[in-house]
Amino acid sequence: QVQLVESGGGLVQAGASLRLSCAASGRTFSRYAMAWFRQAPGKERELVGAVSRSGDSTYYADSVKGRFTISRDNAENTVYLQMNNLKPEDTAVYYCASRYTGNIYNYYLSGYDSWGRGTQVTVSS
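Owing to the predicted nature of the structure, the values given are computational and were not obtained by experimental measurement.

Engineer: Mind showing me how you'd approach the pattern of salt bridges here?
Structural biologist: Once the charged atoms of two side chains with opposite charge are near each other, the side chains can pair. By the definition in use, this model includes four salt bridges. D62 serves as the salt-bridge partner of K65, at 3.1 Å between the closest nitrogen and oxygen. Here the two residues K65 and D62 agree in accessibility, since each one is exposed. Several salt bridges share partner residues, and in doing so they unite R38, E46, R67 and D90 into one network.

So, in structure tokens, the structure goes:
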């Protein structure tokens with residue numbers, strides 16, 4: 001398993017942008033599919049975006065499609081979530097997660113088994 005540490009959250013106004021980063025420990029980061037989840041107060045955790053090991057395949061929840069971009073840099077052991085045109089409903093704790101896989105092309109919607117501690121994103125109206 002990898003150890004994951006998120007950063008980049010903060011308090012912004014609606015319409016602003018933020019870029020979240022998730023740094024992974026170890027030398028096998030490229031063997032893990034990655035994802036970003038979020039959880040707002042009183043709500044269940046939801047998948048925001050997922051990326052394959054290669055970085056070529058991505059998935060987005062409908063609520064963020066066209067505004068958020070997930071990417072990864074395997075040389076830097078880091079996965080990113082670029083968030084543009086933020087809305088108050090994007091307010092949540094954002095978590096990155098990893099899933100070991102032998103398939104370099106697939107993203108996954110579930111089955112993640114390592115999680116970071118999260119970073120708070122608050123969007124004011």
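From this point, the narrative continues.
Engineer: I'm lost on the sheet that holds strand 3 (residues 18-24) in this one. Help?
Structural biologist: Adjacent strands of a sheet form backbone hydrogen bonds with each other and so pair up, either parallel or antiparallel. Taken in spatial order, the four strands of this open sheet run 1-3-8-7, and their pairing is antiparallel. If you trace the sheet from one side to the other, it starts and ends with strand 1 (4-7) and strand 7 (68-73), each paired once. The mean inter-strand angle of the sheet, taken between neighbouring strand axes irrespective of direction, is 15°. Two strands pair when backbone bridges link them, and strand 1 and strand 3 are joined in this way by four bridges, in the antiparallel orientation. Its bridge partner lying in strand 3, V5 is registered against A23.

Engineer: In this structure, what is going on with the state of the cysteines? I would like to understand it.
Structural biologist: Linking two cysteines covalently through their sulfur atoms gives a disulfide. According to the stated counting rule, one finds one disulfide in the structure shown. Note on cysteine connectivity: C22 is disulfide-linked to C96, with sulfurs 1.9 Å apart. Between C22 and C96, the S-S dihedral sits near 45°, and the bridge is therefore right-handed. Here C22 is found in strand 3, whereas its partner C96 is found in strand 9 (residues 92-100), with 74 residues between them in sequence. When its relative accessible area of 0% is taken as the criterion, C22 is described as buried.

Rules behind the numbers
Residues numbered from 1 in each chain as written. Predicted model: local features only at pLDDT ≥ 70, side-chain atom pairs only at ≥ 80, totals over all residues. Heavy atoms only, no water. Salt bridge = Lys/Arg side-chain N within 4 Å of Asp/Glu carboxyl O. Buried < 20%, exposed > 50% of the residue type's maximum accessible area, 1.4 Å probe, protein only. Pairing = 2+ DSSP bridges. Helix = DSSP H or I, 4+ residues; strand = E, 2+ residues; numbered from the N terminus. Axes fitted to C-alpha atoms, helices over the stretch in contact; angles between N-to-C directions. Disulfide = S-S within 2.5 Å.

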